[in-house]
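Take a look at the letters that make up each chain.
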Amino acid sequence: MKNIFNIAILPGDGIGPEVMSETYKILDVINKKFDFKIKTHEFDIGGIAFDKFGTPLPKETLDGCIKSDAILFGSVGGEKWTCLSRDKQPETGALLPLRRFFNLFMNIRPIKLNFALKQLSPLKKEIIKDGFDILCIRELIGGIYFGLPKGRNTFDKKNISAFDTEIYSTKEIERIANIAFQLSLKRRKLVFSIDKANVLESSSLWREVVTKVSKNFPEVKLIHLYVDNAAMQIIKNPNQFDVILCSNLFGDILSDECAMLTGSVGMLPSASLNKNFFGLFEPAGGSAPDLKGKNIANPIAQILSLALLCEYSLKLNYVAQFIELAVINTLKKGYRTLDISDGKNYITTKQMGDNIAQTLSEIIKS
Ligand code: IPM
Ligand code: MN
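What you are looking at is a predicted structure, and each value in this text was computed from that prediction instead of being measured.

1. A short note on the site of ligand 1
Line of reasoning, step 1. Taken together, Glu91, Arg99, Arg109, Arg138, Tyr145 and Asp252 form the complete shell of residues around ligand 1.
Line of reasoning, step 2. In the model, an oxygen atom of ligand 1 is placed 2.8 Å from a nitrogen or oxygen of the arginine 138 side chain.
Line of reasoning, step 3. Interatomic distance of 2.5 Å between a side-chain N/O atom of tyrosine 145 and an oxygen atom of ligand 1.
Line of reasoning, step 4. Within the complex, 75% of the 320 Å² of free accessible area of ligand 1 lies under protein.
Line of reasoning, step 5. A breakdown of the residues in the shell around ligand 1 according to their chemical character gives 1 nonpolar, no polar and 5 charged.

2. Structural notes on the pairing of strand E5 (residues 133–139)
Every regular strand shows the same layout, with side chains that alternate between the two sheet faces.
Line of reasoning, step 1. The buried fraction of E5 is high, at 6 of 7 residues.
Line of reasoning, step 2. Of the pairings in the sheet, the one linking strand E4 (residues 106–112) to E5 comprises 7 bridges and is antiparallel in character. Bridge pairing in E5 places asparagine 107 opposite arginine 138.
Line of reasoning, step 3. Judged from the 4 bridges that link them, E5 and strand E10 (residues 243–246) form a sheet pairing that is parallel. Its bridge partner being in E10, leucine 135 is matched across the sheet by valine 243.

3. Topic: the domain arrangement of the chain
Accessible area lost when the parts come together is the quantity often used to give the size of an interface.
Line of reasoning, step 1. Under the domain assignment, the chain is made up of domain 1 (1–105 + 276–366) and domain 2 (122–261).
Line of reasoning, step 2. Each partner contributes residues to the interface: domain 1 has 6 residues there, and domain 2 has 9 residues.
Line of reasoning, step 3. Buried area between domain 1 and domain 2, summed over both chains or domains, comes out near 950 Å², and the portion from carbon and sulfur atoms is 68%.
Line of reasoning, step 4. Together, Arg99, Arg100 and Phe105 form the three largest contributors to the area buried by domain 1 at its contact with domain 2, with a combined 63%.
Line of reasoning, step 5. The interface formed by domain 1 and domain 2 contains 0 salt bridges.
Line of reasoning, step 6. Among the residues forming the side of domain 1 that touches domain 2, the class breakdown is 3 nonpolar, 1 polar and 2 charged.

4. Side note on helix H3 (residues 59–67)
Line of reasoning, step 1. Taken as a whole, H3 has its buried residues at Thr61, Leu62, Gly64 and Cys65. Down the axis of H3, the buried set is contained in an arc of 160 degrees. They therefore lie on one face. Those residues of H3 that are exposed and angled more than 90 degrees off the buried face are Lys59, Glu60 and Lys67.

5. Brief notes about the packing of helix H10 (residues 300–312) against helix H11 (residues 317–332)
Line of reasoning, step 1. Here H10 crosses H11 at 160 degrees, and the two axes come no closer than 7 Å. Put simply, H10 runs roughly antiparallel to H11. Both H10 and H11 take part in a crossing whose hand is left-handed. Facing Ile300, Ile303, Leu304, Leu306, Ala307, Cys310 and Glu311 of H10, the residues of H11 in contact are Asn317, Val319, Ala320, Ile323, Glu324, Val327 and Leu331.
Line of reasoning, step 2. Here the contact of H10 with H11 is built from residues that sort into 11 nonpolar, 1 polar and 2 charged.

6. Some remarks on the environment of lysine 124
Line of reasoning, step 1. Relative to the helices and strands, lysine 124 is located in the loop between E4 and helix H5 (125–128).
Line of reasoning, step 2. Taking relative accessible area as the criterion, lysine 124 reaches 54% and is therefore assigned exposed.
Line of reasoning, step 3. Lysine 124 sits 52 residues away from isoleucine 176 along the chain, and the two C-alpha atoms are 33 Å apart.

So, how was this worked out
- Residues numbered from 1 in each chain as written.
- Chains lettered and ligands numbered in written order.
- Predicted model: local features only at pLDDT ≥ 70, side-chain atom pairs only at ≥ 80, totals over all residues.
- Heavy atoms only, no water.
- Near = heavy atom within 4 Å.
- Polar contact = N/O pair within 3.5 Å; in protein donor to acceptor, adjacent residues only side chain to side chain.
- Areas by Shrake-Rupley, 256 points an atom, 1.4 Å probe, with all protein chains shown as cover.
- Nonpolar A, V, L, I, M, F, W, Y, C, P; charged D, E, K, R; others polar.
- Buried < 20%, exposed > 50% of the residue type's maximum accessible area, 1.4 Å probe, protein only.
- Helix = DSSP H or I, 4+ residues; strand = E, 2+ residues; numbered from the N terminus.
- Pairing = 2+ DSSP bridges.
- Domains from an automatic or database assignment.
- Contact = heavy atoms within 4.5 Å.
- Buried area = accessible area lost by both parts, 1.4 Å probe.
- Salt bridge = Lys/Arg side-chain N within 4 Å of Asp/Glu carboxyl O.
- Arc of directions from axis to C-beta.
- Axes fitted to C-alpha atoms, helices over the stretch in contact; angles between N-to-C directions.
- Parallel < 35°, antiparallel > 145°, perpendicular 65-115°, else oblique.
- Left-handed = near helix turned anticlockwise from the far one by under 90°.

Laid out in C-alpha cells, this is it:
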C-alpha cells in the first residue's frame with residue numbers, strides 16, 4: 001500500500017479558508033496516528049486567485065492538482081467578482097473548468113438526517129420520524145451547464161435573447177447511470193431517475209438509456225420521476241428515496257433541496273469523481289460571504305469532504321469512518337456552531353474544529 005499521499009488544498013473564497021483551516025487539525029491527528037502520511041499543498045483558486053494573478057484558475061494551481069492524489073476544495077465566489085466576464089468568474093472560470101478538465105462526471109452527495117439534529121429540519125416531526133438517507137448522484141460535466149451553443153443574440157438591442165443547450169448523449173447517460181446502479185447495490189437497491197421526459201427531448205433519451213442500463217441490474221428497482229414531482233415527493237416523504245440519479249441541472253437543484261431537509265447546508269460534503277475515482281471534494285454549501293471572517297461558519301461539511309476524499313480517492317475507508325464518527329460523537333456531546341444551534345449556545349468555527357480533532361484522537365486511541 002501507498003504510504004505517502006499528496007493532496008492539493010484549494011481554500012478559495014468566502015468561508016473557504018476558515019473552514020479549510022479546521023481540516024488541517026484533522027489531518028494532523030491522522031498523520032500522527034497512522035503509519036502513512038497525507039501531505040498537503042495549498043494553492044489559490046477563485047476570486048482570490050483572480051485578485052492576485054488576474055485569473056481564477058492559475059496554471060500553478062492546475063499543475064498542483066494534476067500532481068496530487070486528490071483535491072480538497074473550499075468554496076469560490078462572491079459579490080465582488082460577479083461583474084467579470086464568465087471566464088474570469090470564480091464559478092465558471094475555475095470550478096467548472098476544473099470539473100471538466102479532470103473529467104469529474106460523477107457528483108456524489110450523501111444526504112442523511114442526523115438524529116442529534118432532528119429538530120433543525122424544516123420538516124414536521126411525523127415526516128422525519130424514521131429519518132432519511134439519500135444518495136444524490138448528479139451528472140457533473142454535461143447537460144445545460146456545458147451544452148453548446150450557449151450565448152446571446154444582440155442584433156435587437158431592445159430585445160436581446162439568451163440561450164443555453166440541454167444536451168446529453170447515450171454514453172454520458174450510460175456512464176452516470178451505471179454508477180448510480182452500482183452504488184445502489186450497497187444500499188436499498190432502489191434508484192429514482194429524475195427527468196422531464198413529458199416535455200424535453202434530452203429527458204426522453206435519458207429515460208430510455210437509464211431503463212436500458214437497469215436491465216444489467218435486475219436486483220435493483222428503478223423508478224422514473226418527473227423533476228417537479230420529485231421536488232414535491234422529497235418534502236412529502238424523503239424516506240421513500242434512496243439513490244437519486246439526476247442530470248447536472250436537476251441534481252444541482254434537488255441536492256440543495258435535500259440538503260436543507262437535514263437542517264443546515266453547513267453539514268454536507270460532496271465528491272466529484274472521474275472514472276478512476278480521482279476527485280475533487282467540496283462542501284455543498286458554497287462560499288457564504290455573509291459569514292466570512294466571523295469565525296462562526298460550520299466546518300463540518302469541509303471536514304466530511306475530507307472523509308469522502310479518504311474513502312473514494314485514497315481508498316482509506318477506515319479513516320473516513322473514523323472522521324465521520326468523530327463528527328457524530330462531537331455533535332452527540334452537544335457542541336453546535338451557530339447554524340445548528342438555538343441561536344444562543346454555540347461555539348466558534350475554530351472550537352468546533354478543535355473538538356472534532358480531539359474526539360478523533362480519542363476514538364483512534366481506543
Ligand atoms: C454546486 C454549486 C455549483 C454548481 C456552482 C457554484 C457553479 O452550486 O456545486 O452545486 O452549480 O454546480
Ligand atoms: Mn448547487
